[in-house]
Amino acid sequence: MKKALSLLLCMILTVSLCSCAMFGSNKLELDRTSLHLTVGETAQLSPGSATRVHWESSDDKICTVIGGAVNAKSAGTATVTASIDDGTTAVCTVTVEDKMIESITLSAKSLRLEPYKTIQLTASYSPADASRTALKWTSQDESVATVDEKGYVTGVSDGATIIVCTGENGVEGSCAVTVSSDILPTEAPYIPPTAAATEKPTAAKESDSKSKKKSESASSSGFIFPDSSTRYLDGSEVAERLASMTGSPVSADFAQDAVNEIYARNGFVFRSENLRSYYQSQSWYHADPYFSPNDLSEIELYNIGVINQYAP
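This next bit is on the overall build of the chain. Within the chain one finds six helices and 16 strands. Looking at the chain as a whole, 38% of its 312 residues are labelled buried. For the chain, the accessible area works out to roughly 17300 Å², and carbon and sulfur atoms hold 53% of it.

Here it is, written out as structure tokens:
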């Protein structure tokens, strides 16, 4: 009897010890009750000795959790809950902040342009995976140059200013801008002939509608060559016309005047006050600050080259 009682007590003690060991090895206790992360970061939570843990985030848009690994998705606060089969739970508050821009670099540290011309600046930032990337462009002196929301800088008047690109947290990148009318040539620039004076291109090319439109309103307005934007000029007629010119040229010589009038038809803005005043007085002249020599037609480029052959 004593032997049986001792055996029973031993069995009860063994079961009790095994139960304690079993429950003691499945204790749920998170190693952290709060986390502070930035968007894109990941942190690992440990559930202590617990096994078969179920993980859940209160807002997957802010953070997700898989196997205790918390991945920050967007700014905000969420709760990560760990639970085991016996109903025990543990929570961790996760605060996610945006990854802000740390530095901004512009495509140019300085630039120079003339009034009414536009150049685009671009901005690159670090870190490249920043989550808050809104940029604001400003000019320190809009009377000199302006800038729009895409970084397009437009000269207004002679002077200097600073174009600043600013991130939401105040980080800045800047570019020094100088606006100067001196960039404009006094007269239309010299363009060498695209063909010899006797090598007149085919007449079929003379139907350039854009060129015709340029000279329609100016054909009877005192031009040296009224149709030099619509017709290929012959070298001999250019020589004869320039030789017969009398009086004082508007610029240095009549050949230059003939070139200038081609540019003026396109709205070229002359830096020379004398030339600018003269063309502004012509009813057909309409200034175009955005005109570029690249806008000249094939006919005009050819004729400029021919005319320049007869310049002094």
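There is more to say, and it comes next.
What follows is about the packing of aromatic side chains. All told, the structure shown has nine aromatic pairs when counted by the stated rule. For the pair Tyr232 and Tyr302, a centre-to-centre distance of 5.2 Å together with 80° between the ring planes defines the contact as edge-to-face. Residue Tyr232 is found in the loop between helix H2 (209-216) and helix H3 (235-244), and its partner Tyr302 is found in helix H6 (residues 298-308); the two are separated by 70 residues along the sequence. With respect to burial, Tyr232 and Tyr302 carry one shared label: buried. For the pair Phe270 and Tyr279, a centre-to-centre distance of 5.1 Å together with 15° between the ring planes defines the contact as stacked. Each member of the pair, Phe270 as well as Tyr279, is classed as buried. Taken together through their ring pairs, the aromatic side chains of Phe223, Tyr263, Phe268, Phe270, Tyr278, Tyr279, Trp284 and Tyr285 make up a single cluster.

Turning our attention to the nonpolar core. The nonpolar side chains of a soluble globular protein tend to be buried with one another. Core analysis: the largest hydrophobic core is formed by 28 residues, its most contacted members being Phe225, Val238, Leu242, Tyr263, Phe270, Tyr279 and Ile307. Those elements giving two or more residues to this core turn out to be H3, helix H4 (254-265), helix H5 (273-280) and H6. The element that contributes the greatest number of residues to this core is H4, accounting for seven residues. Membership of the second largest hydrophobic core comes to 22 residues, among which are Leu35, Ala50, Val65 and Cys92.

Confidence along the chain averages 81 in pLDDT terms, with 79% of residues attaining 70 or more. Contacts from residues 15-24, a stretch scored under 50 in pLDDT, to residues over four places away or in other chains number one contact. The low-confidence segment residues 192-220, where pLDDT is below 50, has 52 contacts with residues more than four positions distant or belonging to other chains.

Residue placement: Ile224 occurs in the loop between H2 and H3. Note: C-alpha distance between Ile224 and Val238 (14 residues apart in sequence) is 9.5 Å. Setting aside residues up to four positions removed in sequence, Ile224 forms contacts with Arg241, Leu242, Met245, Phe254, Asp257, Ala258 and Glu261.

Another aspect to go through is the packing of H4 against H6. Running from N to C, H4 and H6 cross one another at 170°; their axes reach a closest spacing of 9 Å. Here H4 is positioned roughly antiparallel relative to H6, judged by the angle of their axes. H4 and H6 meet at a crossing whose hand is left-handed. Of H6, the residues touching H4 (which contributes Ala255, Ala258, Val259, Ile262 and Tyr263) are Glu300, Asn303, Ile304, Ile307 and Asn308.

Conventions used here
- In every chain, residue numbers begin from 1 and rise along the written sequence.
- For a predicted model such as this one, the threshold for reporting local features is a pLDDT of at least 70, and the threshold for listing and counting side-chain atom pairs is 80 or more; totals across whole chains, interfaces and linings nevertheless cover every residue.
- Hydrogens are left out, water is left out, and the side-chain values use all remaining heavy atoms of the structure.
- What counts as a helix is a DSSP run of H or I of at least four residues, what counts as a strand is a run of E of at least two, and both are numbered from the N terminus.
- Note on classification: 1.4 Å probe, protein chains only; a residue is buried when its accessible area is under 20% of the maximum for its type, exposed when over 50%, partly exposed between these limits.
- Surface accessibility follows the Shrake-Rupley procedure with a 1.4 Å probe radius. Residue values consider only the protein chains on display as shielding.
- What counts as a ring pair is set by centres within 6.5 Å for rings of Phe, Tyr and Trp (its six-membered ring), and what kind of pair is set by the plane angle: stacked under 30 degrees, edge-to-face over 60, tilted for all other angles.
- The set of buried Ala, Val, Leu, Ile, Met, Phe, Trp, Tyr and Cys residues whose side-chain atoms join them within 4.5 Å is what this entry labels a nonpolar core.
- Here pLDDT means the predictor's own confidence in every residue, given as a number from 0 to 100.
- Note on definitions: a residue-residue contact is assigned when non-hydrogen atoms from the two residues lie within 4.5 Å.
- Axes, fitted as lines to C-alpha atoms, cover a helix only where it is in contact. Angles between the N-to-C directions of the axes lie from 0 to 180 degrees.
- Here is the rule for angles: anything less than 35 degrees is roughly parallel, anything more than 145 is roughly antiparallel, 65 through 115 is roughly perpendicular, and the remaining ranges are oblique.
- The crossing is said to be left-handed when, going from far helix to near helix, the turn is anticlockwise and less than a right angle, and right-handed when the turn is clockwise.

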